[in-house]
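# Descriptive analysis of the structure
Each chain, written out:
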Amino acid sequence: QVQVVESGGGLVQAGGSLRLSCAASGRTISKYNMGWFRQSPGKEREFVALISGSGVTRDYGDSVKGRFTISRDNAKSTLYLQMNSLKPEDTAVYNCAAVRSPTPLEQLRRSAVYLYWGQGTQVTVSS
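This one's a predicted model, so the numbers in the text were calculated from it and none came from an experiment.

### As for the sheet that holds strand E8 (residues 78–83)
One open sheet holds the four strands; their spatial order is E1-E3-E8-E7, and the pairing between them is antiparallel. What marks the edges here is a single partner per strand, and that holds for strand E1 (3–7) and strand E7 (68–73). Geometrically, the sheet is characterised by an average inter-axis angle of 15° between neighbouring strands, direction not taken into account. Pairing of E1 with strand E3 (residues 18–25), which is carried by five bridges, proceeds in the antiparallel orientation. Within E3, the residue paired with Val5 across the bridge is Ala23.

What follows is the structure, encoded as structure tokens:
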């Protein structure tokens, strides 16, 4: 079993930046694909970004492509999400999630395939 804990959320003005972190523990994290998802009130959970266990493969949701960067440091068992050029519509609770490799890449955009979830961190972008 893997435990994940997010941090780094907060209040930022539009155009600003934040870096989220997700600390993982419990297993060899390099064996897990990981993703970031977000959800705001009244909306469905949205895929933000994913990264393979090795860090070689990355993918992004259309709404964040070119602004957000996902990365991981397996030596530190930590996942990151660098968010630049933030917009008010990025306001949401951001969750990191993990699933054991191998998982077909085409499925990793779906939140249902992830087994381990953190409690989330709130990101609020003011206009």
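Moving on from the coordinates now.
### Some points on the state of the cysteines
Using the criterion set out here, one finds one disulfide in the structure. Each disulfide pairs two cysteine sulfurs, and for Cys22 the partner residue is Cys96, the sulfurs being separated by 1.9 Å. Linking Cys22 and Cys96, the disulfide has an S-S dihedral of approximately 50° and is accordingly described as right-handed. Of this pair, Cys22 sits in strand E3 while Cys96 sits in strand E9 (residues 92–100), and the two are 74 residues apart along the sequence. For the pair Cys22 and Cys96, a shared accessibility class is recorded, and that class is buried.

### Quick notes on the nonpolar core
Counting 29 residues, the largest nonpolar core has Trp36, Leu81, Met83 and Tyr94 as its most contacted members. Where this core is concerned, the elements lending two or more residues are E3, strand E4 (32–39), strand E5 (46–51), E7, E8, E9 and strand E11 (121–126). If we skip the residues at most four places from it in the chain, Leu81 touches Leu18, Arg19, Leu20, Trp36, Val48, Ala49, Phe68, Thr69, Ile70 and Tyr94. Core analysis: the second largest hydrophobic core is formed by eight residues, Phe37, Val99, Val113 and Tyr114 among them.

### Regarding the packing of aromatic side chains
One pass over the full model with this rule turns up five aromatic pairs. Where Tyr114 meets Trp117, the ring centres are 6.2 Å apart and the plane angle is 70°; that geometry is what we call edge-to-face. Taking relative accessible area as the criterion, Tyr114 reaches 4% and is therefore assigned buried. Given the relative accessible area of 26%, Trp117 is considered partly exposed. Ring pairs connect the aromatic residues Phe37, Phe47, Tyr114 and Trp117, which therefore count as one cluster. Its guanidinium or amino end placed over the ring of Trp117, Arg45 lies 4.2 Å from that ring's centre, counting from NZ or CZ. We note Arg100 situated over the ring of Tyr32; from NZ or CZ to the ring centre the distance is 5.8 Å.

What counts, and where the lines are drawn
- Residues numbered from 1 in each chain as written.
- Predicted model: local features only at pLDDT ≥ 70, side-chain atom pairs only at ≥ 80, totals over all residues.
- Heavy atoms only, no water.
- Pairing = 2+ DSSP bridges.
- Helix = DSSP H or I, 4+ residues; strand = E, 2+ residues; numbered from the N terminus.
- Axes fitted to C-alpha atoms, helices over the stretch in contact; angles between N-to-C directions.
- Disulfide = S-S within 2.5 Å.
- Buried < 20%, exposed > 50% of the residue type's maximum accessible area, 1.4 Å probe, protein only.
- Core = buried A, V, L, I, M, F, W, Y, C linked by side-chain atoms within 4.5 Å.
- Contact = heavy atoms within 4.5 Å.
- Phe/Tyr/Trp six-rings, centres within 6.5 Å; stacked < 30°, edge-to-face > 60°.
- Lys NZ or Arg CZ within 6 Å of the ring centre and 35° of its normal.

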